[in-house]
Amino acid sequence: EGNFAFAQGLHEILLQCQDGVVSVFPALPEEWKDVYFNDLRTMDAFLVSAQRSNGINRSVKIRATQDATLTCRLPF
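Analysis parameters
- Residues numbered from 1 in each chain as written.
- Predicted model: local features only at pLDDT ≥ 70, side-chain atom pairs only at ≥ 80, totals over all residues.
- Heavy atoms only, no water.
- Helix = DSSP H or I, 4+ residues; strand = E, 2+ residues; numbered from the N terminus.
- Buried < 20%, exposed > 50% of the residue type's maximum accessible area, 1.4 Å probe, protein only.
- Pairing = 2+ DSSP bridges.
- Axes fitted to C-alpha atoms, helices over the stretch in contact; angles between N-to-C directions.
- Contact = heavy atoms within 4.5 Å.
- Disulfide = S-S within 2.5 Å.
- Core = buried A, V, L, I, M, F, W, Y, C linked by side-chain atoms within 4.5 Å.

Participant: Before we move on, can you summarise the environment of Phe25 with the specific residues and values?
Facilitator: Mapped onto the elements of the fold, Phe25 is located in the loop between strand E2 (21-24) and strand E3 (35-41). By relative accessible area, which is 9% here, Phe25 ends up buried. A C-alpha to C-alpha distance of 8.5 Å links Phe25 and Ala50, two positions 25 residues apart in sequence.

Here you go:
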């Protein structure tokens, strides 16, 4: 169970979905200058990928896996 808790904690640092709003890099430590992730799944029907390099958020890609509405809080 501890391994899954670590993975969930990391997921929450990179991507959160609360009350229907997706937040990208909501709790990223300032020391993490270069971070990326591919296809993290939200609670709904979306796969999210994002990239941060040299301390600057560079891109966010969102792909729907089924019909749904998305509200996103971007880190830019």
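Participant: Tell me what's going on with the sheet that holds strand E6 (residues 71-73), and back it up with residues and numbers.
Facilitator: Spatially, the three strands line up as an open sheet ordered E1-E2-E6, and their pairing is mixed. Each edge of the open sheet is held by one strand with a lone partner, namely strand E1 (15-18) and E6. On average, each strand axis in the sheet is tilted by 25 degrees relative to the strand beside it, whichever way the strands run. Where E2 lies against E6, three bridges are found, and the strand directions are parallel. Pairing of Val21 across the sheet is with Thr71, part of E6. Helix H1 (residues 2-14) contacts E1 and E2 of the sheet and is inclined by roughly 80 degrees relative to E1.

Participant: Summarise the state of the cysteines; cite the residues concerned and give the values.
Facilitator: In the structure shown here, the tally under the stated rule is zero disulfides. Unpaired in this structure, Cys17 has its nearest cysteine sulfur neighbour in Cys72, at a distance of 9.5 Å. Accessibility expressed as a relative area gives 23% for Cys17, which makes it partly exposed.

Participant: Can you break down the nonpolar core residue by residue, with the values?
Facilitator: Core analysis: the largest hydrophobic core is formed by 11 residues, namely Leu14, Leu15, Val22, Val24, Phe25, Leu28, Val35, Phe37, Leu40, Val48 and Ala50. At the level of secondary structure, the elements contributing two or more residues to this core comprise E2, E3 and strand E4 (46-53). Looking at this core, the element that brings in the most residues is E3, giving three residues.

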